Amino acid sequence: MLRAGNAVACLACRSLLSPRMGLRVGVPIQKLHPLSRAIHHRYTNANSQRTPHRTAARHFTSLSRLPPRSYKYRYGGQWGHGYQQHRNFWAVRLASRLLKLRYLLLGSAVGGGYTAKKTYEEWKDMLPDLSEYQWVVPDFVWELTEQIDLEKLARALPDAEELAKLMPDLEKFGENFTFLKGLLSTETPGESALKAPEAPVAAATAASTAASPDNDKQYKKPSDKEKIDQLQEDLLRTQLKYQRMLERLEKENKELRKVVLQKDDKGIHQRKVKKSLIDLYSEVLDILSDYDSNYNTQDHLPRVVVVGDQSAGKTSVLEMIAQARIFPRGSGEMMTRSPVKVTLSEGPHHVAMFKDSGREFDLTKEEDLAALRHEIELRMRKSVKDGQTVSTETISLSVKGPGIQRMVLVDLPGVISTVTAGMAADTKETIFSISRAYMQNPNAIILCIQDGSVDAERSIVTDLVSQMDPQGKRTIFVLTKVDLAEKNLSSPSRIQQIVEGKLFPMKALGYFAVVTGKGSAGESIDSIKDYEEDFFQGSRLLRDGMLKAHQVTTKNLSLAVSDCFWKMVRESVEQQADAFKASRFNLETEWKNNYPRLRELDRNELFEKAKNEILDEVISLSQVTPKHWESILQKKLWERVSTHVIENIYLPAAQTMDSGTFNTTVDIKLKQWTDKQLPHKALEVAWETLQEEFARFMAEYKGKDQDDIFDKLKEAVKDESIKRHKWNERAMDSLRVIQHNALEDRSITDKPQWDAAIQFMEETLQSRLKDTESVIHDMVGPDWKERWMHWTNRTGDQHIRNETKNELERLLKLQEDHTAYLANDEVTTVRKNLESRGVDVDPVLIKDTWHQLYRRHFLQKALAHCNLCRRGFYYYQRHFVDSELECNDIVLFWRIQRMLVITANTLRQQLTNTEVRRLEKNVKEVLEDFGEDTEKKTQLITGRRVQLAEDLKKVREIQEKLEAFIEALHKEK
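What you are looking at is a predicted structure, and each value in this text was computed from that prediction instead of being measured.

Chemist: Sorry, what's going on with the pattern of salt bridges here?
Modeler: Counted under the stated rule, the structure contains 45 salt bridges. The salt bridge involving Lys961 is made with Glu283; its shortest N-O contact spans 3.1 Å. With Lys961 in helix H37 (residues 944-972) and Glu283 in helix H13 (residues 277-289), this pair connects stretches of sequence that are 678 residues apart. Judged by relative accessible area, which is 24%, Lys961 ranks as partly exposed. Two residues, Arg918 and Glu915, come together in a salt bridge whose shortest N-O distance is 2.8 Å. Within this pair, Arg918 and its partner Glu915 are both found in helix H35 (residues 888-932), separated by 3 residues, close to a single helical turn. One connected set of salt bridges, linked through shared partners, spans Arg584, Glu588, Glu600 and Arg956.

Chemist: What is the right way to look at unusual backbone geometry in this model?
Modeler: Comment: phi is negative for the bulk of residues other than glycine, and the bulk of peptide bonds are trans. We note that Ser311 has phi near 65°; this positive angle belongs to a residue other than glycine. If you trace the backbone, Ser311 turns up in the loop between strand S3 (304-308) and helix H14 (314-322). The exposure class assigned to Ser311 is partly exposed, which follows from its relative accessible area of 44%. A positive phi angle is found at Lys481, which is not glycine, with a value near 55°.

Chemist: Sorry, what's going on with helix H23 (residues 603-619) here?
Modeler: Think of an α-helix as 3.6 residues a turn; residues three or four steps apart then line up on the same face. Taking 1.5 Å of rise per residue, 17 residues should cover 24 Å, and H23 covers 24 Å from first to last C-alpha, within 8% of that figure. For H23, the full list of buried residues reads Arg603, Leu606, Phe607, Ala610, Glu613, Ile614, Leu615, Glu617 and Val618.

Chemist: Which parts of the structure should I look at to understand a nonpolar patch on the surface?
Modeler: A cluster of nonpolar residues, Trp784, Trp788 and Met789, forms a patch on the protein surface that exposes about 490 Å² of accessible area. Tracing the backbone shows Trp788 in helix H30 (residues 784-790). Of the residues examined, Trp788 reaches a relative accessible area of 67% and is grouped as exposed.

Chemist: Whenever I open this one, the state of the cysteines confuses me. Can you help?
Modeler: Disulfides are covalent bonds that connect the sulfur atoms of two cysteines. All chains considered together, the criterion is met by 1 disulfide. Between the sulfur atoms of Cys869 and its disulfide partner Cys887 the distance amounts to 2.0 Å. Taking the sign of the S-S torsion, about -100° here, the bridge from Cys869 to Cys887 comes out left-handed. Taken together, the positions of Cys869 in the loop between helix H33 (843-868) and helix H34 (873-877) and Cys887 in the loop between H34 and H35 put the pair 18 residues apart, joining distant regions of the chain.

The rules behind the values
- Residues numbered from 1 in each chain as written.
- Predicted model: local features only at pLDDT ≥ 70, side-chain atom pairs only at ≥ 80, totals over all residues.
- Heavy atoms only, no water.
- Salt bridge = Lys/Arg side-chain N within 4 Å of Asp/Glu carboxyl O.
- Helix = DSSP H or I, 4+ residues; strand = E, 2+ residues; numbered from the N terminus.
- Buried < 20%, exposed > 50% of the residue type's maximum accessible area, 1.4 Å probe, protein only.
- Expected span 1.5 Å × (residues − 1).
- Patch = residues over 30% accessible without salt bridge, like charges linked within 9 Å, V, L, I, M, F, W, Y side chains within 5 Å.
- Areas by Shrake-Rupley, 256 points an atom, 1.4 Å probe, with all protein chains shown as cover.
- Disulfide = S-S within 2.5 Å.

Here it is in structure tokens:
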């Protein structure tokens, strides 16, 4: 060991010597090792005797090529000068022999130690910053944790015996190192240790071969293929050994972090815990997904966009990264129907949660996993509109668990080549549009998934990715189902071409090959991991060098994607924050210039303001006076039923010319009317009146400094409330009884009621007479005054009707008590009289003209009789019989008038006691429904003012969250 230390010391002093073995300028000889000082003195003396052209550097280099001590050189059968020189340098020979062996051992030990130290530093960096949780865990726990860490790390580091076991055969490394150098294309943990001994091992091997003349007979030199196979086996064995060490460290580290995160000695759940870095970033992305960009401010924050052909294994890769089977599955059927944003972060428990839900799904329980998959499927189908197959609406999901890499991934619907039955015609174009929208983000990381079990020429997604990222600066290519590819492909070199980027036209940052299980839906993540590791350990793709160790397994993929994601985030987040800061300034400037006296109320705040106003207007209906309700209801009800009363009840009964027949006809027709039509008509009138009063109050409030931005919303609330409102069904039955009793009463008790009935009858008949005269005027055209004053003439049809009217009026003058209908012989007589004057008229026209003329004649007679009945109350009260003063028609109109009054009073009570409150309840329900419907609010509350306030609020929120995220990001650095 002392000699080995001397040899190493000589090597350490080599940097202090000049090429001719002299001391460098300024280096004192005392700094050299004693053995180095001896070599320096000897070479200094030797150089003074030798020829100048032999340099000290050549002598020093030849130290490693000196023959072994056991060999002797004879010159002419005697020990010559060469032997004497060989004897004089026994110390140097001994150093060279020890140098060859110890240098290799020392280099390997240093390389292995360096690798272990580097692994320890990497895992140390991955540990969370526990300083934020120092208030949770007591001080003695921190001290104990530090002690436990040191002991675990000391036990985990390999000792000298393990390093010696890991070392391959040095002699074989000496022979085959030139082939190893060409084989290793990437940097490995043991490469630095293997590079250092290259020169001495090769020199020692050459010297040994040259000194042994019988070496070729004793040792058969292996072939190149055998050398490569042996080196690959040694390399895989070494990597496997280190991999197991790293997995042990990872498992211990994960358990320790889980214990720390679960620690709750000081009530961690009772205090506000700061959100993690990835959660802050995910909130920013959620806000940006709903943000309608203005002022050229676009969402350029990084995301990992997962794209691929349908059934290529996109969802399976994402599940492997999330370490849970969280997505619904189907055999060949399109399952991903909308983008799914998954925020991955580390946590003590493996759980999942939707952005808009407080329920946590325990991913370690199969029933929770099934419920989560079912919920995702329901949300996807709900987001798809009628007539469509896919949706642009994003479903936000967060997944936490021990050892999960922090990143944000967006799983997109699979790209299809053909629209099948049951799909919308534009499904293919919609999927391409969604994929382009996410990939056109210059900071989005594209995770391109390619199915390795099918022909590469069938891929569609690679062309799409190459269009969006032609240089491949943000694309990571993943080849799935490599186990099937190796089994089915006749030429595995195609797999090598794919992962080297030589087969597809697209370029990528990195290429990975993964296996996501055997294709069974019931496989667990752990079983898939074991299957993947077992496959690649025995795969000839890795053994033959077609795949590199760092290119396989989803674990390496997730580490690479996470590193790329955070690198992209750090490079772009501050620039994005500056862009939103400028956008905020522009929006605030526009608001100050256009709406200086208004508050910046967004759509939700404006809706709440409008909601209060509408409810105030509904409440004001209860302040309407009973007199106002009854007058409106009575007037509208008579307008609705007056035509039926005159045409179907009064006129048929009055034309009987007999008092008994008149009353009988009236009673029968009133009973039929009450049973079938009157209650329904009354409720219609009441409902219309309520609507009109509601609209009137809303219109009055509109004029009282109300914001016209609410007009569309108020109109929609009014229409929807009226549409939902239904009158109480029991009200119709009670109303029918009340109306029937009112119409049965015929006893007019006093003269004012009699006079009121006469006035009501006169107004009704005069209105009807006026309408009838207007109809006759339209039939016969203008009279002679109008023709002279307005220069108008009759048409041919009006001339015929006028002649017919004149002929029928002569008939009425002759028979004032004529019935309502013309006999056939009378029609013939009128027709012949008109033909004699040159007027050809149709019998139907004669009857139509007679109907209007007789109606006018009858109404005129009724009005005259009504005036005569003003003094008939005395006879009515004493039941005197006088043919001229039998005022049964006055009694009829009194019954109708009384029914109207009682019905109006009943409807008013129903309105004020029940229906106004029910309408108010309907309005509240409609407002609540509109408040939950974002799309409805967007349609009803519109305008530049609203959009400006919305943008300003969102930009401020985005900027604040971005600044909070950047601050946390700097603290983590």
